[in-house]
Amino acid sequence: MAAEVLTRVLPSPVRRARALLMRAAALYDAPGSPLAREARSVWPGGFRGGAAWMAGAMAHVRGQPVRAVLPGAQTLGLLKYAFALLAAVGAWGMAVFLGLPHAVGLLLAVPAFYAVEVQGLFLFPLALDGAAHPWRSARALLREAGGTAGAMGTVLVLAAVMVFGGLAGRGLVRCWCLGCLAVVLWYEELKA
């Protein structure tokens with residue numbers, strides 16, 4: 001009962017993130033699910049390993065094979081996060097330039113990072129599905145997901161679970177994978 005009341009009063013992006021994370025946890029933690037076992041073996045591969053795990057997650061969700069190798073995964077990941085990091089550093093630098101305290105600059109860096117990072121929210125699933133122009137397709141799908149502002153709220157909740165869930169003792173790899181799996185589930189919803 002309390003969970004139902006809380007769900008009704010939470011903002012829409014938080015409700016969406018909560019629903020996606022609950023579905024992701026049910027899939028990840030299900031008896032016989034290969035997702036946890038496979039997650040531990042792909043982490044040393046960087047973005048290439050992450051893309052391979054995401055392909056397995058997509059295949060698990062769909063119940064059919066997905067292209068498991070993404071040759072440009074390292075480049076896609078490095079570009080996506082380099083742009084996001086540049087935005088964060090730029091926001092922090094601008095705050096410092098304007099004479100604001102460093103703490104304010106750091107607070108501005110977080111939304112700047114995610115405003116850019118969310119542009120590639122569906123980049124990896126689209127690339128795994130063979131999109132001819134994954135960056136352009138990711139932007140189009142982001143518009144369907146509510147645009148930058150609409151998706152950012154959900155992404156911030158997913159990111160908080162990915163980063164802080166592990167620190168709270170829920171397993172760093174598990175929490176990271178739940179966030180990735182939530183993005184896969186969101187992607188599948190938008191495609192349907």
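Here the structure is shown first, and the text comes after it.
Below: a short report on this structure. No experiment lies behind these values; they were computed from the predicted model shown. (Residues numbered from 1 in each chain as written. Predicted model: local features only at pLDDT ≥ 70, side-chain atom pairs only at ≥ 80, totals over all residues. Heavy atoms only, no water.)

**Observations regarding a nonpolar patch on the surface**
Our working definition: Exposure above 30% relative accessible area and the lack of any salt bridge qualify a residue for a patch; like charges then connect within 9 Å, and the nonpolar side chains Val, Leu, Ile, Met, Phe, Trp and Tyr within 5 Å. Each accessible area is a Shrake-Rupley estimate made with a 1.4 Å probe; only the visible protein chains count as cover when residues are assessed. Take a side-chain nitrogen of Lys or Arg and a carboxyl oxygen of Asp or Glu: if they are within 4 Å of each other, that pair is a salt bridge. Elements are defined by DSSP. Helices are runs of H or I of four residues or more, strands are runs of E of two residues or more, and each kind is numbered from the N terminus. Relative accessibility thresholds used throughout: buried, under 20% of the residue-type maximum; exposed, over 50%; partly exposed, between the two (1.4 Å probe, protein chains only).
A surface patch of nonpolar side chains, amounting to about 590 Å² of accessible area, comprises Met94, Phe97, Leu98, Leu100, Val104 and Leu108. Mapped by element, the contributors of at least two residues to the nonpolar patch are helix H5 (73–97) and helix H6 (102–117). For Phe97, a relative accessible area of 69% corresponds to the exposed category.

**Examining helix H3 (residues 35–42)**
For clarity, the cut-off: Note: the arc covers the axis-to-C-beta directions of the helix. A contact between two residues is defined here by any heavy atoms of the two lying within 4.5 Å.
Every buried residue of H3 is accounted for by Leu35, Ala39 and Val42. Projected down its long axis, H3 shows its buried positions confined to an angular sector of 75°, all on one face. Exposed residues pointing more than 90 degrees away from the buried face of H3 are listed as Arg37, Arg40 and Ser41. Contact partners of the buried residues in H3: helix H2 (12–29), helix H4 (46–62) and helix H10 (172–191).

**Considerations on the packing of aromatic side chains**
The cut-off we apply is this: Here the aromatic set is Phe, Tyr and Trp, taking the six-membered ring for Trp, and pairing holds for ring centres within 6.5 Å; pairs whose planes are under 30 degrees apart are stacked, those over 60 apart are edge-to-face, and all others are tilted.
If you walk through the whole model with that rule in mind, you get six aromatic pairs. Summarising the aromatic geometry, the rings of Phe47 and Phe124 are spaced 6.3 Å apart at their centres and angled 20° between planes, so their arrangement reads as stacked. In this pair, Phe47 is assigned in helix H4 and Phe124 in helix H7 (residues 123–128), connecting sequence segments 77 residues apart. Site record: aromatic cluster; members linked through ring pairs are Phe47, Tyr81, Phe113, Tyr114 and Phe124.

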